[in-house]
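Close look at the chain arrangement
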Amino acid sequence: MTHSVSKPSLSGEAALVEQHWRELSSRRRTYTLLIIGGLFLALSASLWFANESNAGKFWERLPHFFDFVGDMVPRDGWEVWRALFDLPSPYFDGSQKYDYEAGRVYLFGSSFYIPEYFYKMLETLNIAMMATLIGFFFGFILCFLAAKNLTTSRALRFFVRRYMEILRAFPEIVIAGFFAAILSLGPIPAIFAVGIHTIGALGKLFFEVVENADMKAEEGLRAVGANWFERVGFGIVPQVMPNFMSYAFLRFEINVRASTIIGAVGGGGIGEALRLSIGHGHQAKTLAIVFLLLVTIIAVDQTSAWLRGRLVGAQAFQFGA
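Model, not experiment: these values are computed from the prediction.

Conventions adopted
Residues numbered from 1 in each chain as written. Predicted model: local features only at pLDDT ≥ 70, side-chain atom pairs only at ≥ 80, totals over all residues. Heavy atoms only, no water. Helix = DSSP H or I, 4+ residues; strand = E, 2+ residues; numbered from the N terminus. Rg over C-alpha atoms; globule rule 2.2 N^0.38 Å. Buried < 20%, exposed > 50% of the residue type's maximum accessible area, 1.4 Å probe, protein only. Contact = heavy atoms within 4.5 Å. Lys, Arg positive; Asp, Glu negative; His and termini not counted. Charge placed at Lys NZ, Arg CZ, Asp CG, Glu CD. UniProt positions renumbered as here; feature names shortened; annotations may be inferred. Axes fitted to C-alpha atoms, helices over the stretch in contact; angles between N-to-C directions. Left-handed = near helix turned anticlockwise from the far one by under 90°. Nonpolar A, V, L, I, M, F, W, Y, C, P; charged D, E, K, R; others polar.

What follows covers the overall build of the chain. Each helix and strand in the chain was counted, giving 12 helices and 2 strands. Sequence-ordered secondary structure for the chain, helices as α and strands as β, is α-α-α-α-β-β-α-α-α-α-α-α-α-α. Rg of the C-alpha trace for the chain: 29 Å, well past the compact-globule value of 20 Å for 321 residues, more than 25% over. Referenced to the eigenvectors of the C-alpha coordinate spread, the extents of the chain come out at roughly 90 × 85 × 45 Å. Counting only residues that meet the buried cut, the chain has 34% of its 321 residues in that class. In the chain, of all internal contacts separated by at least 6 residues, the share reaching a separation of at least 24 is 66%. Between the mean site of the 28 positive side-chain charges and the mean site of the 26 negative ones, the chain shows a separation of 7 Å.

Moving on to the UniProt feature "domain: ABC transmembrane type-1" (unreviewed entry) in the chain. When the UniProt feature table is mapped onto this chain numbering, "domain: ABC transmembrane type-1" (unreviewed entry) sits at residues 121-304. In residues 121-304, the share of helix is 86% and the share of strand is 0%. The end C-alpha atoms are 17 Å apart.

Contact geometry for helix α9 (residues 216-223) and helix α10 (residues 228-267): axes closest at 8 Å, N-to-C directions at 145°. Crossing of α9 over α10 shows right-handed handedness. Residues A217, E218, L221 and R222 of α9 lie in contact with α10, whose contacting residues are E230, R231, F234, G235 and I236. By residue class, the composition of the contact of α9 with α10 is 4 nonpolar, 1 polar and 4 charged.

This is the structure:
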């Protein structure tokens, strides 16, 4: 003997809610399918365009995508470490490929040297640091003029904001090309290029922090007759400076990567060494530079994250607590 379980009947309001939920679910599935279909069409169109732009060789060369990785494998794994620390190679044949000692940077005429790629990495870090300092200094000055809670002149705010937008509108590599035509190749154009972009980027972040600052201290200073500079210096700067420093450290991480890319097009530093090693097919040197870049960027990221946590407090990085 079987017993059928009858489905409980819903009230009018509950049935209406269920019907509405089913309509929303059906609509969501439809939108999801449309989005997936649109992405598939966009991807297909992009691949077709890449194939046409590549003279019809895109699909033909696709199986050889990882050939470059295979060509970068050195004949001896220890060659990577010899290239990294400028040690003599047992395969030296008079060519630059295995002449690691030629890149040594000797200090003060002594026998002590810095390996070439460590020296180049320090040059890249110096470019990023100088650019960050330039961006921080000018972004700090401009941000107070762009904040609507401190600058009553709409014309001045408009001009300063548009000026910072122009500074960050162009990629660093484009600005570097402009300065390279004037100042020649080297780290100086790279510093100017990354620094100009950093002014616009940090200036925007800074004035948004200023506009969210607590104005009670500023109002108190205004009540006792303090001028604009005193109100900013004593009422605003102390409470926004931790966030300013946090953004500066974050921007330094970005500038390290930007300096590496600019170095590859003549801006000096480790990027230039990487471009030359890849162009000449020096496998061990290329892998040594990639390894050094990876370790350096991880170290910079972790150090700056720790410093940001110390400045603004660990609770600022806890979400959903």
